[in-house]
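Examination of the molecular architecture
One-letter residues, chain by chain:
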Amino acid sequence: QVQLVESGGGLVQPGGSLRLSCAASGSISSIYVMGWYRQAPGKQRELVAVITRGAGSNYADSVKGRFTISRDNAENTLYLQMNSLKPEDTAVYYCNTPGQLGSWGKGTLVTVSS
């Protein structure tokens, strides 16, 4: 339905931070739940974090306390603030709508390495 484009990935050292963005082609104010997913090399895609229209959120245990998901409905943008990054966070990160999955975009690659 709504087209989503991820950006903000890159190479970062362990312990560093990155902020990912997901820009929507249209309004996201009517979308109840949005989420960030990731797929590490050789592993299945996993759900990392979700956020509701009212800004309630949930996180995978592996990122809890380090990542923060947020949304700016006025700007039609979803964010993922990633702190204290670890090598195991290395993956391609995607955004989507868990309640009704759309097509997967190209994602944005995050590489955590010294």
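Residues numbered from 1 in each chain as written. Predicted model: local features only at pLDDT ≥ 70, side-chain atom pairs only at ≥ 80, totals over all residues. Heavy atoms only, no water.

Attention shifts here to the sheet that holds strand 1 (residues 4-7). Adjacent strands of a sheet form backbone hydrogen bonds with each other and so pair up, either parallel or antiparallel. Reading across the sheet, the four strands line up as 1-3-8-7 and stay open at both edges, with antiparallel pairing between neighbours. Two strands in the sheet have a free side with no partner beyond their single neighbour: strand 1 and strand 7 (67-72). On average, adjacent strands in this sheet sit at an angle of 15 degrees to one another, irrespective of strand direction. (Pairing = 2+ DSSP bridges. Helix = DSSP H or I, 4+ residues; strand = E, 2+ residues; numbered from the N terminus. Axes fitted to C-alpha atoms, helices over the stretch in contact; angles between N-to-C directions.)

Let us now look at the nonpolar core. With 28 residues, the main nonpolar core has Trp36, Phe67, Ile69, Leu78, Leu80, Met82 and Tyr93 as its most contacted residues. Counting residues per element, the ones that place at least two in this core are strand 3 (18-24), strand 4 (33-39), strand 5 (46-52), strand 7, strand 8 (77-82), strand 9 (91-96) and strand 10 (108-112). Once residues lying within four places of it in the same chain are set aside, the contact partners of isoleucine 69 are Met34, Gly35, Trp36, Ala49, Val50, Ile51, Ser57, Tyr59, Leu78, Tyr79 and Leu80. (Core = buried A, V, L, I, M, F, W, Y, C linked by side-chain atoms within 4.5 Å. Buried < 20%, exposed > 50% of the residue type's maximum accessible area, 1.4 Å probe, protein only. Contact = heavy atoms within 4.5 Å.)

With that out of the way, let us pick up the sheet that holds strand 9. What the six strands build is an open sheet, ordered 2-10-9-4-5-6; its pairing is mixed. At either margin of the open sheet sits one strand with a lone partner, and together these are strand 2 (10-12) and strand 6 (57-59). Taking each pair of neighbouring strands and ignoring which way they run, the sheet shows an average axis angle of 20 degrees. Here three bridges tie strand 9 to strand 10, and the two strands are oriented antiparallel to one another. Within strand 10, the residue paired with tyrosine 93 across the bridge is threonine 108.

Most of strand 4 is tucked away: five of the seven residues are buried. Pairing geometry for strand 4 and strand 5, over six bridges, is antiparallel. Paired with methionine 34 across the strands is isoleucine 51, a residue of strand 5. What sits between strand 4 and strand 5 in their antiparallel hairpin is a turn of six residues, with glycine 42 showing a positive phi close to 75 degrees. In this sheet, strand 9 lies alongside strand 4 in antiparallel orientation, the contact comprising five bridges. Of the residues in strand 9, the one forming a bridge with tyrosine 37 is tyrosine 94.

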